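Chains, contacts and geometry: an overview
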Amino acid sequence: MKKLNLAIIGQGRSGKNIHGRFYRTDDNQFFNVKYVVEADDFRRERAKNDYPGCTTLADYRDLYDLNDIDLVVNDTYSDLHYPITKDLLEHGFNVLVEKPFARTRYECDTLINIAKEKGVLLAVFQQTFFAPFYEFAYDLAKSGKLGEIQQITIRYNGFSRRWDWQTLQKRCAGGLYNTGPHPVGMALGLIDFDKDAKILFSRLGLALTSGDSDDYAKVIIAAPNGPVVDIEVSNNDAYSPYNLKIQGTKGCFKSTPSDYEMTYLVDGENVERPVVETFLANDEGEPIYCGETLVKHTESGHFDGTAFDVGTKKLYEQIYYYLTEGKPMTVTAEMAADIISVIETTHAQNPLPLKF
């Protein structure tokens, strides 16, 4: 397998510790890090050791004179995702941009249209769609094992505070723009990106953040014939026992990225009880509670890998085979644009005062 040449813009936490970590593992059979663009002198020098043989640059526009780049990864500040990706696409590069895709649906659609006009790939780093726990949950929900799905609950919560650039509205940051693309993407994926889905309720708040963007977000989505999906991204929840819960008419599933449990009923094992229209009574005529012992089944298991290893590899693998063989991407820019629509609408419904 011949590796393709890659240029990455940015060596911050994500560029070094997510993308860069993958590049330096044996799982990366797909891309050679040919160029690293980093404005900071220290990180630019460090990149020479992290990616032996790479050429380092201080300005991404220096890539425009090069003709040996198969893919450019835009891992800059979130507010720079749109303008830099736009520049790269207009110069004919295939681009993988970190999440959030952009700030608005208009910006997303602009980038999608430019990519189509130029005949180049535009991909968004929404690797959670390839996380083992999400793929398992998706297949389970579609299998019918839990019956008709009535509610999906997604929690990306913790108890901590931030005071870096990821707390600033001007940086297209905050919990919903930064972390939100993962749970919002899962939510839309589990309802198959139903175009009739609507936001039924949304709220943004500030609790522990030092900045002016949200560290609490609640979004409830539903489609006319689909389940209610309850999404929460919070930095002030010290007691969140799961990331994903699915409630169906025959069972319930809960999961973290590493482990799951489920309890469910099997058709035919619990004979339907006729309705008693009066109160229930024991043999002495005393009223009793309506209760029984159902025949239930329980399962639990462990997932090998996360979005940050398995998911990253699968996404880069898809990009590689799209570029080399034309195989379609299963996670598309249009899907990432739908995710931004939810986030943009939530911010529009809950405007927060600008302080910085």
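See the structure printed just above.
So, how was this worked out
Every residue gets a number counted from 1 within its own chain, in the order that chain's sequence is written. Totals for whole chains, interfaces and linings use all residues, but because this is a predicted model, local features are given only for residues with pLDDT of at least 70 and pairs of side-chain atoms are given and counted only at 80 or more. Heavy atoms throughout the structure, all of them, feed into the side-chain values; hydrogens and water do not. Runs of E in the DSSP output that reach at least two residues are strands. Runs of H or I that reach at least four are helices, and both are numbered from the N terminus. Partly exposed describes any residue whose relative accessible area lies between the buried limit of under 20% and the exposed limit of over 50%, with all areas from a 1.4 Å probe on protein chains only and scaled to the type maximum. Contact criterion: two residues are considered in contact whenever any of their non-hydrogen atoms come within 4.5 Å of each other. In these tables, accessible area is a Shrake-Rupley quantity obtained with a 1.4 Å probe, and a residue counts as shielded only by the protein chains included in the view. We count Lys and Arg on the positive side and Asp and Glu on the negative side, and we leave His and both chain ends out. We put the charge of a Lys on NZ, of an Arg on CZ, of an Asp on CG and of a Glu on CD. Cavities and pockets were defined on a 1 Å grid built over protein atoms only: a cavity is a set of grid points that admits a 1.4 Å probe from which the probe cannot escape, a pocket is an open set flanked by protein on both sides within 12 Å along at least five of seven lines, and lining residues are those with an atom within 4 Å of any such point. Grid points are joined across faces, edges and corners, and a volume is the space filled by probe spheres set on the points. Think of it as three bins: nonpolar holds Ala, Val, Leu, Ile, Met, Phe, Trp, Tyr, Cys and Pro, charged holds Asp, Glu, Lys and Arg, and polar takes everything else, Gly as well. To qualify as a nonpolar core, a set must consist of buried Ala, Val, Leu, Ile, Met, Phe, Trp, Tyr and Cys residues joined through side-chain atoms within 4.5 Å. Here a strand pair is declared whenever DSSP counts at least two bridges between the two strands. Each axis is a line fitted through C-alpha atoms, taken for helices only over the stretch in contact, and angles between the N-to-C directions span 0 to 180 degrees. Pairing of N or O atoms within 3.5 Å defines a polar contact, subject to two protein rules: one partner must be a possible hydrogen donor and the other a possible acceptor, and residues neighboring in sequence count only if both atoms are side-chain atoms. Throughout, the term roughly parallel applies to angles under 35 degrees, roughly antiparallel to angles over 145, roughly perpendicular to angles from 65 to 115, and oblique to all others. Left-handed describes a crossing in which the near helix is turned anticlockwise from the far one by less than a right angle; the clockwise case is right-handed. Any Lys or Arg side-chain nitrogen located within 4 Å of an Asp or Glu carboxyl oxygen qualifies as a salt bridge.

Thoughts on the overall build of the protein
Looking only at helices and strands, one finds nine helices and 14 strands in the protein. C-alpha extents for the protein along the principal axes are approximately 90 × 50 × 35 Å. With 356 residues in all, the protein has 49% of them scored as buried. In the protein, once contacts between residues fewer than 6 apart in sequence are set aside, the share between residues at least 24 apart is 72%. Of the accessible surface of the protein, which amounts to about 17,700 Å², a share of 49% is contributed by carbon and sulfur atoms. Distance from the positive charge centre (38 side chains) to the negative charge centre (51 side chains) of the protein: 6 Å.

As for the layout of surface pockets
If you add up the space inside the second largest pocket, you get close to 330 Å³. Around the second largest pocket, the lining residues are R273, P274, V275, V276, L280, A281, I288, Y289, C290, G291 and E292. When the residues that make up the lining of the second largest pocket are grouped by side-chain class, the tally is eight nonpolar, one polar and two charged.

Concerning the nonpolar core
Of all hydrophobic cores here, the largest spans 100 residues; its most connected members are L63, F101, L244 and Y316. Those residues in contact with Y316 that sit more than four places away from it in its chain are L6, H19, F22, Y23, F30, F31, L71, V73, L96 and F125.

Quick look at the sheet that holds strand β5 (residues 95-98)
Pairing between sheet strands relies on hydrogen bonds along the backbone, with the strands arranged either parallel or antiparallel. Sheet architecture is open: six strands sit in the order β3-β2-β1-β4-β5-β6, paired in parallel fashion. Looking at strand neighbours, the two that pair on one side only are β3 (55-57) and β6 (122-125), the edges of this open sheet. The mean inter-strand angle of the sheet, taken between neighbouring strand axes irrespective of direction, is 25 degrees. Direction of pairing for strand β2 (residues 31-37) relative to β3: parallel, over a ladder of three bridges. In the sheet register, Y35 faces β3, and the bridge partner there is T55. The strands that helix α3 (residues 81-90) touches are β1 (4-9), β4 (71-74), β5 and β6; relative to β5, the one it contacts most, it runs at about 180 degrees.

Considering helix α8 (residues 307-325)
When we look at burial in α8, the residues that qualify are A307, G311, T312, L315, Y316, Q318, I319 and Y320. In the core, the buried residues of α8 are packed alongside β1, α1 (13-23), β2, β4, β5 and β6. The N-cap residue of α8 is T306: its side-chain oxygen and the backbone nitrogen of F308 are 3.1 Å apart. The first or second residue beyond α8 is G326, which carries a positive phi of 75 degrees.

Remarks on the packing of helix α4 (residues 105-118) against helix α9 (residues 333-349)
It is at 8 Å that the axes of α4 and α9 come closest, and there the two elements cross at 165 degrees. By the angle between their directions, the pair α4 and α9 is classed as roughly antiparallel. The two elements α4 and α9 meet at a crossing, and its hand is left-handed. Between α4 and α9, the residues in contact are R105, C108, D109, I112 and K116 and A333, E334, A337, D338, I340, S341 and E344, respectively. Grouping the constituent residues of the contact of α4 with α9 by class yields five nonpolar, one polar and six charged.

Details of the pattern of salt bridges
Inspection of the entire model under this criterion finds 25 salt bridges. Measuring nitrogen to oxygen at the nearest pair gives 3.8 Å for the salt bridge that ties K116 to E334. Taken together, the residues span a long stretch of sequence, with K116 in helix α4 and E334 in helix α9 at a distance of 218 residues. Here D230 ties to K218 by a salt bridge, and the two come within 2.9 Å at their closest N and O atoms. Taken together, the residues span a long stretch of sequence, with D230 in strand β10 (residues 228-234) and K218 in strand β9 (residues 216-222) at a distance of 12 residues. Comparing D230 with K218 shows no difference in burial state: the two are buried. Several salt bridges share partner residues, and in doing so they unite R105, D109, K195 and D338 into one network.

Thoughts on the packing of helix α5 (residues 132-143) against helix α7 (residues 181-190)
Taken N-terminus to C-terminus, the directions of α5 and α7 make an angle of 25 degrees; their axes are 10 Å apart at the nearest point. Classified by the angle their axes make, α5 and α7 are roughly parallel. As α5 packs across α7, the resulting crossing turns out to be right-handed. Contacts from F133, Y134, A137, Y138 and K142 in α5 reach M186, G189 and L190 in α7. Across the contact of α5 with α7, the residue classes tally to six nonpolar, one polar and one charged.

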